[in-house]
Amino acid sequence: MTDTLVLFDLDGTLIDSAPDLCAAANRLRTRRGLPALSFEALREYCGSGARGMVWQAMRMAPGTEAFESMRREFLDDYGAHMNDACDVFEGVKDMLEKLTCEGIVWGIVTNKSAVFAKPLCEEKGLLSQASCLVSGSDMGKMKPLPDPILEGVRQSGANFKTVVYVGDDHRDALASQAAGTRFIAAGWGYTKATVDIKDWGADAIARTPAEIAEIVKRLSDL
């Protein structure tokens, strides 16, 4: 199936960065004498980047006077601790190995800045077989815009019959649809409890990474 390309979101899809993101958000609070929030209260915002984490931790929205300095403080703290507890989700490495063995090219397209994404992917052994690592934030065009996915296709070879994007956020679905690729919703990710991923218009929903290879095969045969 060398004519199939699978591109993955990173946080909430391949790696579980929530422990370190939540810890950094809580340190914003504790440095100001505020009580820590529960892991559950913060986890569902981990797919929303620094903006979402600062909002949930401090109820500070972009555009407010102190937001940018708070965002930078959060990112500096996270960068110093981003590999304290982060790990790939259970089943991810086996799933990626199965894709590789079946001749399916795969890569990574994320909104996470490359200054964080690249070292994490290297540390977790995700780059050696990946066809690309595209950071939308470094492109200046982030999901839900289709540009990062299209760049991932370009870097991976651009001559694939079937392209599938896998992600755990509605923005991933929107970006995939705008790019004209098939979309698999990752049901194990950081989706908010109040959100029904069935409403995203996904071609399929995977509840675990182990389901991905079979779903990709089915979508490639359509």
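Heads up: the structure comes first, above all this text.
We now turn to the structure provided with this report. (Residues numbered from 1 in each chain as written. Predicted model: local features only at pLDDT ≥ 70, side-chain atom pairs only at ≥ 80, totals over all residues. Heavy atoms only, no water.)

Some remarks on the pairing of strand E4 (residues 105-110)
Item 1. The buried count for E4 comes to five of six residues, which makes it a mostly enclosed element.
Item 2. Here four bridges tie strand E1 (residues 4-8) to E4, and the two strands are oriented parallel to one another. Note that in E4 the partner of Val 6 across the bridge is Trp 106.
Item 3. Relative to strand E5 (residues 133-135), E4 runs parallel, the two sharing three bridges. For Ile 108, the partnering residue across the bridge sits in E5 and is Leu 133. (Buried < 20%, exposed > 50% of the residue type's maximum accessible area, 1.4 Å probe, protein only. Helix = DSSP H or I, 4+ residues; strand = E, 2+ residues; numbered from the N terminus. Pairing = 2+ DSSP bridges.)

Thoughts on the packing of helix H1 (residues 18-30) against helix H4 (residues 67-81)
Item 1. Between H1 and H4, whose axes approach to 9 Å, the crossing angle comes to 135 degrees. Overall, the two elements H1 and H4 adopt an arrangement that is oblique. For H1 against H4, the interelement crossing comes out right-handed. Contact residues: H1 offers Asp 20, Leu 21, Ala 24, Ala 25, Arg 27 and Leu 28, while H4 offers Met 70, Glu 73, Phe 74, Asp 77, Tyr 78 and His 81.
Item 2. For the contact of H1 with H4, the class distribution of residues is seven nonpolar, one polar and four charged. (Axes fitted to C-alpha atoms, helices over the stretch in contact; angles between N-to-C directions. Parallel < 35°, antiparallel > 145°, perpendicular 65-115°, else oblique. Left-handed = near helix turned anticlockwise from the far one by under 90°. Contact = heavy atoms within 4.5 Å. Nonpolar A, V, L, I, M, F, W, Y, C, P; charged D, E, K, R; others polar.)

Section: the side chain of Asp 9
Item 1. Position of Asp 9 relative to the elements: it lies in the loop between E1 and strand E2 (15-16).
Item 2. Judged by relative accessible area, which is 7%, Asp 9 ranks as buried.
Item 3. Once you skip the residues sitting within four places of it in the chain, Asp 9 turns out to touch Leu 14, Val 109, Thr 110, Lys 143, Tyr 165, Val 166, Gly 167, Asp 168 and Asp 172.

A few points about the sheet that holds strand E8 (residues 204-206)
Note: strands within a sheet are paired through backbone hydrogen bonds, in either parallel or antiparallel orientation.
Item 1. If you walk across this open sheet you meet the six strands as E5-E4-E1-E6-E7-E8, and the pairing is parallel. Looking at the sheet topology across the chains shown, the edges are occupied by E5 and E8. Ignoring which end each strand starts from, the neighbouring axes of this sheet average 25 degrees apart.

A few points about the pattern of salt bridges
Item 1. Enumeration according to the criterion identifies 13 salt bridges in this entry.
Item 2. The residue Asp 76 makes a salt bridge to Arg 72 at a minimum N-O spacing of 3.4 Å. With Asp 76 and Arg 72 both in helix H4 and four residues apart, the pair spans about one turn of that helix.
Item 3. On the accessibility criterion, Arg 72 (39% relative accessible area) is partly exposed.
Item 4. Linking Arg 154 and Glu 151 is a salt bridge whose minimum nitrogen-to-oxygen distance equals 2.7 Å. (Salt bridge = Lys/Arg side-chain N within 4 Å of Asp/Glu carboxyl O.)

What to know about the state of the cysteines
Item 1. With the rule as written, the count across this model stands at zero disulfides.
Item 2. Cys 46 provides the cysteine sulfur closest to Cys 22, a residue in no disulfide bond, and the two sulfurs are 3.7 Å apart.
Item 3. For Cys 22, a relative accessible area of 3% translates into the label buried.
Item 4. Not engaged in a disulfide, the cysteine Cys 101 finds its nearest cysteine sulfur in Cys 132; these two sulfurs lie 19 Å apart.
Item 5. Classification of Cys 101 as exposed rests on a relative accessible area of 63%. (Disulfide = S-S within 2.5 Å.)

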